[in-house]
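Breakdown of the fold
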Amino acid sequence: MIAYVEEIARFEGQEITIRGWLHNRRSSGKIHFLTVRDGTGFIQCVMSRKAVGEEIFESAGHLSQESAVIVHGAVRADARAPGGYEIDVTNLEIVSPAQPYPITPKEHGVDYLMDRRHLWIRAPRQQAILRIRHEVIDAVRDFLNSRHFVLADTPIFTPAACEGTTTLFPVQYFDDTTAFLTQSGQLYNEANAMALGRVYCFGPTFRAEKSKTRRHLTEFWMVEPEMAYATLDDVMTLAEGLVVSVVERVLEKRQNELKVLERDTGKLERVKGPFPRVSYDEAAEILKKKGLPFEWGGDFGAPDETALSEEFDRPILVHRYPSAVKAFYMKPDPMRPEVALCVDMLAPEGYGEIIGGGQRIEDYDLLVQRIKEHGLPQEAFEWYLDLRRYGSVPHGGFGMGIERVVTWICGIDHLREAIPYPRMLYRMYP
Ligand code: 4AD
Ligand code: MG
């Protein structure tokens, strides 16, 4: 019977088959210890000369790392084994011996590993990260699906900017048209919300960010919920609920992976609502007190976000930034028009912004004015203005960057490991 390592406990005492690859091999004369991985986990397979015969035993003794193998054997509980179980091998099929493998347990530089990303993802740490990424995505979908949200996909080829014109990737679209890769599905999301009430899009987004930081990819995945009849407060409550739920789920289902990553899970256990709600003004005060050269009116840089999030043991919701530093669609606070009804969620431990969103302008005239002020071509936004012509209502939503969240939850220090094939300023290979 074919078994998967992640559910090996179910097969204690039974004869099973594992189909995978040789991760590591140690030998002590009469016994080979083969660590085999099947994609779902790693397990030690103990092979004795007596049990498999001379020929198989000899060939196993020369097997190289990452050779494809099929192992047959009996599952035995062993308290000393990492996963609590081992396999006593009765037979081994060599499906495909591997050439000398370029990634060995020794330390390799990051560039070396990134050039071999297609192989590096086989390493235990990388697998753990990608499994947590999967869990995060699954948790996001479950959370939204169980709260009346409908997944409505938004286009990737778009005719206009959503998040400012400086980070657009142009694409030749047939002969005489330039399309841009989407920076955010938000504008279409707003239309979808007016049709379906509560919606989300979840896909790749693109930013031609020339920044070479540990927080920026040029292609990243974003989930964007959008709600009709919603205020900034509703947006903050939803963002908080989503993040609490995602962290809870990873803690519940991915303890093994968190262990592989040596994540301090105590820090994640503290991620419970309510999250502190800090106004931009208060945040600016905190930065001044900490001695950072921050002036009211500017956007927070990465060092500012890091300094702010260090002050709290859970994510914080920073709201009401100056309108001048935010996107054209942000609704001004009626009590104080110089600030916008927007919010950024900053992750703790210095990880910085993981969510950005807010309430949108629902007034037609004001929106037209903002499009002009931002130097955007009104023709391209006529359809978007229609949403203010035909039954406009208060609405809002946010975008959560998946790689930012995964990086934080995993406690790793660079976004490049939070996606299988990162795209960055200087990296498009493999
Ligand atoms: O704050 P941003 O730019 O917000 C928007 O795009 C809104 N239109 C979303 C909305 O309201 N529907 O981006 C949202 C999130 C950020 O908080 C961050 O997590 C992530 O997207 N993000 C990036 N992640 C990786 N690399 C980049 N270059 C990113 N830029 C933004
Ligand atoms: Mg932002």
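Here goes a summary of the coordinates provided. Since the model is a prediction, treat every value here as computed from it, not as a measurement.

What counts as what
Residues numbered from 1 in each chain as written. Chains lettered and ligands numbered in written order. Predicted model: local features only at pLDDT ≥ 70, side-chain atom pairs only at ≥ 80, totals over all residues. Heavy atoms only, no water. Salt bridge = Lys/Arg side-chain N within 4 Å of Asp/Glu carboxyl O. Helix = DSSP H or I, 4+ residues; strand = E, 2+ residues; numbered from the N terminus. Buried < 20%, exposed > 50% of the residue type's maximum accessible area, 1.4 Å probe, protein only. Pairing = 2+ DSSP bridges. Phe/Tyr/Trp six-rings, centres within 6.5 Å; stacked < 30°, edge-to-face > 60°. Lys NZ or Arg CZ within 6 Å of the ring centre and 35° of its normal. Lys, Arg positive; Asp, Glu negative; His and termini not counted. Polar contact = N/O pair within 3.5 Å; in protein donor to acceptor, adjacent residues only side chain to side chain. Contact = heavy atoms within 4.5 Å.

Observations concerning the pattern of salt bridges
Evaluation of the coordinates by the stated rule reveals 36 salt bridges. The partner of Asp 233 in a salt bridge is Arg 277, with the nearest N and O atoms 3.0 Å apart. With Asp 233 in helix H7 (residues 232-253) and Arg 277 in strand S12 (residues 277-279), this residue pair connects regions lying 44 residues apart in the sequence. For Arg 277, a relative accessible area of 32% corresponds to the partly exposed category. Here Lys 331 and Glu 362 are joined by a salt bridge, their closest N and O atoms 3.2 Å apart. Pair noted here: Lys 331 is in the loop between strand S13 (316-319) and strand S14 (332-333) and Glu 362 is in the loop between strand S17 (352-359) and helix H12 (364-373), with a separation of 31 residues, a long-range link. Using a relative accessible area of 17% as the deciding quantity, one classes Lys 331 as buried. Connected via shared salt-bridge partners are Glu 135, Asp 138, Asp 142, Arg 249, Arg 254 and Glu 257.

A look at the pairing of strand S15 (residues 336-340)
In this sheet, S15 lies alongside S14 in antiparallel orientation, the contact comprising two bridges. Pairing of Asp 333 across the sheet is with Arg 336, part of S15. Counting the residues that bridge the hairpin from S14 to S15 gives two residues.

As for the packing of aromatic side chains
Two measures describe an aromatic ring pair: the distance that separates the ring centres and the angle between the ring planes. Inspection of the entire model under this criterion finds 14 aromatic pairs. On the numbers, 4.6 Å between centres and 20° between planes, the contact of Tyr 188 with Trp 383 is stacked. Taken together, the positions of Tyr 188 in helix H6 (residues 186-196) and Trp 383 in helix H13 (residues 382-389) put the pair 195 residues apart, joining distant regions of the chain. In this structure Tyr 188 comes out as partly exposed when scored by relative accessible area, which is 22%. Each ring, one from Phe 328 and one from Tyr 329, has its centre 5.5 Å from the other, and the planes form 70°; the classification is edge-to-face. Looking at Phe 328, the relative accessible area reads 2%, which means it is buried. The class of Tyr 329 is buried, set by a relative accessible area of 3%. If you follow Arg 147 out to its NZ or CZ, it ends over the ring of Phe 143, 3.7 Å from the centre.

What about the side chain of Arg 423?
The residue Arg 423 is located in the segment after helix H14 (402-410) in this model. Buried charge without a salt bridge: Arg 423, with Glu 219 as the nearest opposite-charge side chain at an N-O distance of 4.8 Å. Within polar-contact distance, the side chain of Arg 423 engages the backbone oxygen of Pro 430 at 3.1 Å. Those residues in contact with Arg 423, other than ones at most four positions away along the chain, are Leu 217, Thr 218, Glu 219, Met 428, Tyr 429 and Pro 430.

Here's the deal with unusual backbone geometry
Here Gly 273 and Pro 274 are connected by a cis peptide whose omega angle stands at -10°. Locating Pro 274 in the fold gives a position in the loop between helix H9 (265-269) and S12. With an omega of 0°, the peptide bond running from Tyr 429 to Pro 430 counts as cis. Its location among the elements puts Pro 430 in the segment after H14. Despite not being glycine, Glu 349 shows a phi value in the positive range, around 60°. Residue placement: Glu 349 occurs in the loop between strand S16 (342-347) and S17. In this structure Glu 349 comes out as partly exposed when scored by relative accessible area, which is 32%.

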